[in-house]
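Fold and contact review
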Amino acid sequence: MDAVHGGGAGDTGAAGGPDRRPRARTAHGLVEGRTGLGGAAVFRGVPYAAPPVGPLRFAAPAPPAPWDGVRDAGHYGPTAPKVPYPAPFATLLPDPEIPGEDCLGVNVWTPDPAPGARLPVMVWIHGGALTRGSSAVPVYDGSAFARDGVVLVSFNYRLGVLGYGLFPDAPANRGLLDQIAALEWVRDNIAAFGGDPARVTVFGESAGAISIGALLAAPRAAGLFARAVLQSGAPEALPRERVRTMVRRMAALLRTPATAAAFTTVSLPALLAAQRAVLRRSGPLLGGPAFGLVTDPDTLPEDPLDALTGGAGADLPLLVGWTREEYRLWLAPTGALRLLDRLGPAAVTAARLRSGKDRAAVRALRAALPGAGPAELAGQLLTDRLLRDPLRRLAGARRTAPSHLYEFGWPSGIPGLGSCHALELGFVFDTLAVPESSWLAGPDAPQELADAMHGAWVRFAVTGDPGWAPWDGDGPPKVFGGPERADERPREGAERVATPPALP
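Residues numbered from 1 in each chain as written. Predicted model: local features only at pLDDT ≥ 70, side-chain atom pairs only at ≥ 80, totals over all residues. Heavy atoms only, no water.

1. Considering the packing of aromatic side chains
- According to the stated counting rule, one finds 19 aromatic pairs in the structure shown.
- With a centroid separation of 5.7 Å and 45 degrees between ring planes, the pair formed by tryptophan 185 and phenylalanine 193 is classed as tilted. In terms of burial, tryptophan 185 and phenylalanine 193 fall into one category: buried.
- Each ring, one from tyrosine 406 and one from phenylalanine 480, has its centre 6.4 Å from the other, and the planes form 70 degrees; the classification is edge-to-face. Of this pair, tyrosine 406 sits in strand 13 (residues 403–408) while phenylalanine 480 sits in strand 14 (residues 478–480), and the two are 74 residues apart along the sequence. The residues tyrosine 406 and phenylalanine 480 share a single accessibility class, namely buried.
- Taken together, the ring pairs connect Trp124, Tyr140, Phe145, Phe203 and Phe429 into an aromatic cluster.
- The positively charged end of arginine 44 is found above the aromatic ring belonging to tyrosine 76, 4.9 Å away from the centroid.
- Above the face of the phenylalanine 480 ring, lysine 478 is positioned so that its terminal group lies 5.8 Å from the ring centre. (Phe/Tyr/Trp six-rings, centres within 6.5 Å; stacked < 30°, edge-to-face > 60°. Buried < 20%, exposed > 50% of the residue type's maximum accessible area, 1.4 Å probe, protein only. Helix = DSSP H or I, 4+ residues; strand = E, 2+ residues; numbered from the N terminus. Lys NZ or Arg CZ within 6 Å of the ring centre and 35° of its normal.)

Put into structure tokens, the structure is as follows:
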């Protein structure tokens, strides 16, 4: 598996000559990419598994068919079948749709596609509640990582009922199996793109971070990566009946049995229409039926948080964190924040019961957030339950490798969003100049904050140390985008991560 360079008008090869396009030889055939920003070699839409169609719709991923000649890898491949975000979120969260069947592909940005370069590798797993999203979101462009000496890989995986619907006649957690297949592709092929398969860091946000929690605990994923970053998503497995109910509701709408065999005969548009209907009654805060990971003897034998706090993955360094006001993305666009404020103390009580907190915790929260209304208190309580508490539990478990905690505190320029869920993504990827980054961040997001955050992620991938002390089970996380406190200063010898003050 080696890299070569071939002709291509209008492109400059990574080796430096004009009219050259980078090529790399994978285990399945030769691919030809493009030269991107800063001279990085970019390969898009390279298949890591066969198209999941026909009898493979609900099967475990199968190897892709090899090809003769040169396969063009100049454009993103098809996105996994999905339904669009509802109206309040569609203007905030870019989610391009690229039609086609061959949706299980990887993208690679590399500063040096020569075998033997042995560069660190970062593998991105996108979010979207396991029902939306793709690797083609412009904010996820990997050019800045390649600029900084890292090979960046991203990929698609099956979503919704196709990836996570629970059937009696199909393997569970097919989306997770896709992710494992993509990581196996990285192990077997990334050296041809200049990467080191022994220096792989996985990172993901929201459902991507939930997926990484499962990968850390999944026996099949052992040895496929050396470090992990979990952004705003905690390890979890849903009750099997909760996921099965989604399939039954779809089956009722489709008037077909709730089996993979029956669902395979349904046209994809009809399947997605039924999925869209059942998703209207689901959401991160509702607690009802949803598509998600489940415990399963073949893929996820134990609840991942229990497995990880019990010692699984203890030798892998972790970087975990959240945004200060995660809940605002879930509640502000729909007007739910105003509703919770109108409900007053009843909203806080309901959130307290849902989060398992006692009254003393609410009093402490009120003291920490003077002037906070019922919606803010309820939102923070629910964020504790979904993210902060389980991520602290993970980081504080007895481990042989360090865990580093962070909080993203810069508030969006979009009124009402604050430092909401997913806001940190343009900063991590250093893609604030991409127009879609402003959908969440608004105009004039601080580049110096992107420099600091992106730099910390690169340092973690290269050294395992993002630049501040590991969490010792107590104390606050490292804050990005807020005033730095004395107890958050980097330890002696660590490179300081500059943090600008929060905007008013």
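2. Some details on the sheet that holds strand 4 (residues 34–35)
- Strand order across the open sheet formed by ten strands is 4-5-7-9-8-10-11-12-13-14, with mixed pairing between neighbours. Of all the strands in the sheet, the pair left with one neighbour each is strand 4 and strand 14.
- Pairing analysis gives six bridges linking strand 12 (residues 318–323) to strand 13, with the strands arranged parallel. Within strand 13, the residue paired with tryptophan 322 across the bridge is glutamate 407.
- Strand contacts of helix 14 (residues 374–396): strand 11 (227–231), strand 12 and strand 13, with the helix running at about 165 degrees to strand 12, the strand carrying the most contacts. (Pairing = 2+ DSSP bridges. Contact = heavy atoms within 4.5 Å. Axes fitted to C-alpha atoms, helices over the stretch in contact; angles between N-to-C directions.)

Functional significance is not addressed by these values, which are geometric in nature.
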